[in-house]
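# Observations on the model geometry
One-letter residues, chain by chain:
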Amino acid sequence: MSERKIIHIDMDAFYASVEQRDHPELRGKPLAVGHAEERGVVAAASYEARRYGVRSAMSSQKAKRLCPELIFVPGRMDVYKSVSRQIHEIFHIYTDIIEPLSLDEAFLDVTRNKPEIPLAINIAKEIKKHIREELGLVASAGISYNKFLAKVASDYRKPDGLCTIHPNQALDFIAHLPIESFWGVGPVTARKMHALGIHNGSQLQACSLEMLTRQFGKAGSIYYDFARGIDLRPVEPVRIRKSVGCEHTLEKDISLHSSAIIELYHVATELMERLKRTGFSGNTLTLKIKFHDFNQITRSITQANELTSMDKILPLAKQLLKEVDYESHPIRLIGLSVSNPKEERNEEDKEQWEQLSFEFKDWD
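Residues numbered from 1 in each chain as written. Predicted model: local features only at pLDDT ≥ 70, side-chain atom pairs only at ≥ 80, totals over all residues. Heavy atoms only, no water.

### Re the confidence of the model for the protein
Close reading of the predicted structure is inappropriate where its pLDDT is low. For the protein, the average pLDDT comes to 90, and 93% of its residues sit at 70 or higher. The secondary-structure element of the protein with the lowest mean pLDDT is helix α14 (residues 348–360), recorded at 42, while strand β1 (residues 6–11) shows the highest, at 98. Between residues 346–364, whose pLDDT stays under 50, and residues either more than four places distant or in other chains, the model counts 46 contacts. (pLDDT = per-residue confidence, 0-100. Helix = DSSP H or I, 4+ residues; strand = E, 2+ residues; numbered from the N terminus. Contact = heavy atoms within 4.5 Å.)

Have a look at this one:
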């Protein structure tokens, strides 16, 4: 495992940086991609805006309070997708073993690379240079012998970062890492870690496997391995779709049962359209609710038969909604997703990662 060479590339403030590149008058100014209206949400923020505390997924109203000079621009997803394809063309100069995580980040396995460059850090430098010179954008890169450490390394010196974690440095590096920096540790898990006296990698390293699995279930064994620099997952060029979902931010917070059912029906209808379009099927339905105060919860149910029709999905969605107290906590957002596809159901290693998937998507 220590002989692998993996690079994680993460574009810096991708959407906002594309807008500043294409509109020179916005450069150096606090910028948010999104809509400024009352129900708007920040999709991305420039580094100038982040200095004021503006972050993605923040309400536009709060963002404007933090930064009165904040400039909002509408998103251009078609442009971002096009730029992402250009970035991947640069990746393919060096390797075809590329695992995209989103439009703006990916893992690359360069153990054996096309130009036969011996040092992964030199490949990362070249990729960063290509992206800057050809696309006018800035990327951060992390290099290590596994995916976990490569991703940690890419976050370490942002923006325009370049960091290598060598095998003989890994345990010491991990020991000083804040627990929030561990992949898969979202806000909820971080609070539970803190309550257990775990604030950094060193304290996590001191925990036994038995204790971590008792506290965190199957995810505990993953945290145990990460604390010891172990991550055996390969870079997967073709990623299997694990879920299909959609969500609606409502024009007004709702607390009436009739209103909630109507909105749930609209979300379920869109979910059905996406399932038909993608050909995806799964056995687990998940309801996501975000309340007026931005706290959020998820509720899931798994059936023996695949969820392929409205008459199967909508009754389950209503059943999950009954578990939610929204009369005293008005709803701001409703989401539905189908997951647990048949081809993954009996694969133990993938099952472990499903438990973490919500936190990776900021559902924690």
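### As for the packing of helix α10 (residues 209–216) against helix α11 (residues 218–227)
The N-to-C vectors of α10 and α11 enclose an angle of 140 degrees; their axes lie 6 Å apart at closest approach. Taken together, the axes of α10 and α11 lie oblique to each other. Considering the relative orientation of α10 and α11, their crossing is right-handed. In this structure, α10 contributes L209, L212, T213 and F216 to the contact, and α11 contributes K218, A219, G220, S221, Y223 and Y224. (Axes fitted to C-alpha atoms, helices over the stretch in contact; angles between N-to-C directions. Parallel < 35°, antiparallel > 145°, perpendicular 65-115°, else oblique. Left-handed = near helix turned anticlockwise from the far one by under 90°.)

### Focus on the packing of aromatic side chains
Between two aromatic rings, the relevant description is the distance of the centres plus the angle of the planes. In total, this model carries eight aromatic pairs according to the counting rule given. Pairing F148 with F226 gives two aromatic rings, centres 4.1 Å apart and planes at 0 degrees, and the pair type is stacked. Here F226 lies in helix α11 and F148 lies in helix α6 (residues 147–156), a separation of 78 residues in the sequence. Across this residue pair, the class does not change: F148 and F226 are buried. An aromatic cluster of three or more residues is present, and its members are F14, Y15 and Y80. We note R50 situated over the ring of Y47; from NZ or CZ to the ring centre the distance is 4.5 Å. Here R228 stacks its cationic end above the ring of Y224, 3.6 Å away from the centre of that ring. (Phe/Tyr/Trp six-rings, centres within 6.5 Å; stacked < 30°, edge-to-face > 60°. Buried < 20%, exposed > 50% of the residue type's maximum accessible area, 1.4 Å probe, protein only. Lys NZ or Arg CZ within 6 Å of the ring centre and 35° of its normal.)

### Section: helix α4 (residues 77–91)
Taking 1.5 Å of rise per residue, the 15 residues of α4 would be expected to cover 21 Å, and the 21 Å separating its terminal C-alpha atoms lies within 8% of that figure. Taken residue by residue, α4 has Y80, V83, S84, I87, H88, I90 and F91 as its buried positions. Axial view of α4: buried residues confined to an arc of 145 degrees, hence all on one face. Turned more than 90 degrees from where α4 packs its buried face, D78, R85 and E89 sit exposed. (Expected span 1.5 Å × (residues − 1). Arc of directions from axis to C-beta.)

### Here's the deal with unusual backbone geometry
A cis amide bond, omega -5 degrees, links K158 with the succeeding residue P159. For D160, which is not glycine, the phi torsion reads 55 degrees and is therefore positive. Topologically, D160 is positioned in the loop between α6 and β8 (162–164). Of note in the backbone geometry, F294 takes a positive phi value of approximately 75 degrees without being a glycine. Looking at the secondary structure, you find F294 in the loop between β10 (284–291) and β11 (296–302).

### Notes on the sheet that holds strand β5 (residues 98–102)
The strands making up a sheet associate through hydrogen bonds between their backbones, and the pairing can be parallel or antiparallel. Sheet architecture is open: five strands sit in the order β5-β6-β1-β7-β8, paired in mixed fashion. The open sheet terminates on both sides in strands that have one partner only, identified here as β5 and β8. Pairwise comparison of adjacent strand axes, ignoring direction, gives a mean angle of 15 degrees for this sheet. As paired elements, strand β7 (residues 139–144) and β8 share three bridges and run parallel to each other. Residue pairing for β8: I143 is matched across the bridge by T164. (Pairing = 2+ DSSP bridges.)

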